Amino acid sequence: MKYTFGLCLALFLSLVSANSGAAQSNPFGNGWILESDASTLQFQSIKKSSVIETSSFAKISGEIDSGGGVSLEVLLDSVDTKVDLRNVRMRFLFFETFNYPTATVSAQITQDMIADLANVRRKNVVMPFSLDLHGVTKTLEAEISLTLIGDDLVAVSTVEPINLAVDDFNLLGGLEKLSEAANVDIVPSTAVSFDFIFRKSKTEGGSASAPSPEPTPAPENAALETEGDFSLEACVGRFEILSRTGNIYFAPGSSRLDQASTPLLDTVADIVSRCPDLTIQISGHTDSIGPNSDNQRLSETRAASVVAFLENKGISGDRMVSRGFGEDRPVADNSTQKGRGENRRIEFSVP
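These numbers come from a predicted model, not from an experiment.

**Student:** Which residues make up helix α8 (residues 292–312), and what values go with them?
**Tutor:** For α8, with 21 residues, the first-to-last C-alpha span of 31 Å sits near the 30 Å given by 1.5 Å per residue. Restricting attention to buried positions, one finds in α8 the residues N295, L298, S299, R302, A303, S305, V306, V307, F309 and L310. Packed against the buried residues of α8 are α7 (262–273), β13 (280–285), β14 (320–324) and β15 (345–349). After α8 finishes, the residue G314 shows a positive phi value of roughly 100 degrees.

**Student:** Which residues make up the packing of aromatic side chains, and what values do they have?
**Tutor:** When we look at a pair of aromatic rings, we describe it by the centre distance and by the angle of the planes. A full pass over the atoms with the stated rule returns 5 aromatic pairs. Seen in terms of ring centroids, F43 and F57 are 5.1 Å apart; in terms of plane orientation they differ by 45 degrees. Their pairing is tilted. Of the two residues, F43 sits in strand β2 (residues 40–47) while F57 sits in strand β3 (residues 51–57), which places them 14 residues apart along the sequence. The exposure class of F57 is buried, given its relative accessible area of 5%. Ring geometry for F92 against F98: centres 6.3 Å apart, planes inclined by 45 degrees, an arrangement best described as tilted.

**Student:** Describe the pattern of salt bridges, naming the residues involved and giving the relevant values.
**Tutor:** Taken as a whole, this structure holds 15 salt bridges when the rule is applied. The closest approach of N and O atoms between E53 and R86, which form a salt bridge, is 3.7 Å. Here E53 is found in strand β3, whereas its partner R86 is found in helix α2 (residues 84–95), with 33 residues between them in sequence. Residue classification places E53 among the buried residues on the basis of a relative accessible area of 18%. Note on R86: relative accessible area 24%, which makes it partly exposed. In this structure, the salt-bridge partner of K313 is D266, at a minimum N-O distance of 3.1 Å. In this pair, K313 sits in the loop between α8 and β14 while D266 sits in helix α7, placing the two residues 47 residues apart along the sequence. Owing to a relative accessible area of 46%, K313 belongs among the partly exposed residues under this scheme.

Cut-offs applied
Here the residue numbering is sequential within each chain, running from 1 through the sequence in written order. In view of the model being predicted, local features appear only for residues whose pLDDT reaches at least 70, and side-chain atom pairs are presented and counted only at 80 or more, with totals across whole chains, interfaces and linings using the full set of residues. As a convention, hydrogens and water are excluded, and side-chain values are obtained from all of the structure's heavy atoms. Strands here mean DSSP runs of E at least two residues long; helices mean DSSP runs of H or I at least four residues long; both are numbered from the N terminus. How far a helix is expected to stretch is found by multiplying one less than its residue total by 1.5 Å. Classification of residues uses two cut-offs on accessible area relative to the type maximum, computed with a 1.4 Å probe and protein chains only: under 20% is buried, over 50% is exposed, and between them is partly exposed. Note on definitions: a residue-residue contact is assigned when non-hydrogen atoms from the two residues lie within 4.5 Å. Only rings of Phe, Tyr and Trp enter the pairing, Trp through its six-membered ring, and a pair is recorded when the two centres are within 6.5 Å. The plane angle decides the type: under 30 degrees is stacked, over 60 is edge-to-face, the rest tilted. In the sections that follow, a salt bridge refers to a side-chain nitrogen of Lys or Arg positioned within 4 Å of a carboxyl oxygen of Asp or Glu.

If you want it as structure tokens, here you go:
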């Protein structure tokens, strides 16, 4: 979750930097473009009360138009913790990138914010910005340092790490899933820092030219999902993580899949297709409300519905085993609403 916030902050900063560079001659000129390869966005998370981990996002893009309008976008699937399955947990359990693939930042830079930058070369600015993350949009502000490197480049960096709260963006549930999966306590806030570079656009027309298309970063340079088939370890780890998402939904008392399940199940289909030598077990589970026999039958038909969905996506039925366990394998307390919700689930495994 900390990652999320850090990301927003970075975006916001970028926009500030872009402005300031433009102020040297014409405040905004033809616009400014974020130099992604020369920019970094990092965030820290605290586990077990004192263990600090630093992670980053590999794919950030953005521009400032000729009127000082800033727009930035962070690809959340590019979260990089330096550990493959930890990245997968962040994507599926915390950010839920199958529903919320990006975080965006927007802001408006005014000429008076950067009017003296050409003379002082370096200054601190408090900048308001709007962050859209995980379906929630909030207006925030941060203090950033602007450094005029040359006529065409401006550096933007955090004056001090920025603290953001997970619950402000409805990410507390994802943090709980992440903590349970990793079996560690995680502080529900994050500290973000960044160093961004903006380059002045040379094109005419009043807005920054779009960056030329970039190839997908190599795995060693950016934490994006690798191409091709997965190893056995990677497959098993991903199935365990997918089983914890809780994003497969059915109509109450029914085995009919809700349309809201489609984004995650599309991802499941992709992962299963990249584990071609494995047979996958899809298991249905229910809470303890109602007769045991009804719950057993419901768990079986729900698992079968998921198998049918995956078959429609091109996964061979010979590679899947459907099983129902009814209410016999709870993972939470059935006496609470939250616990019952956790017990109603679909799990994926290698039998």
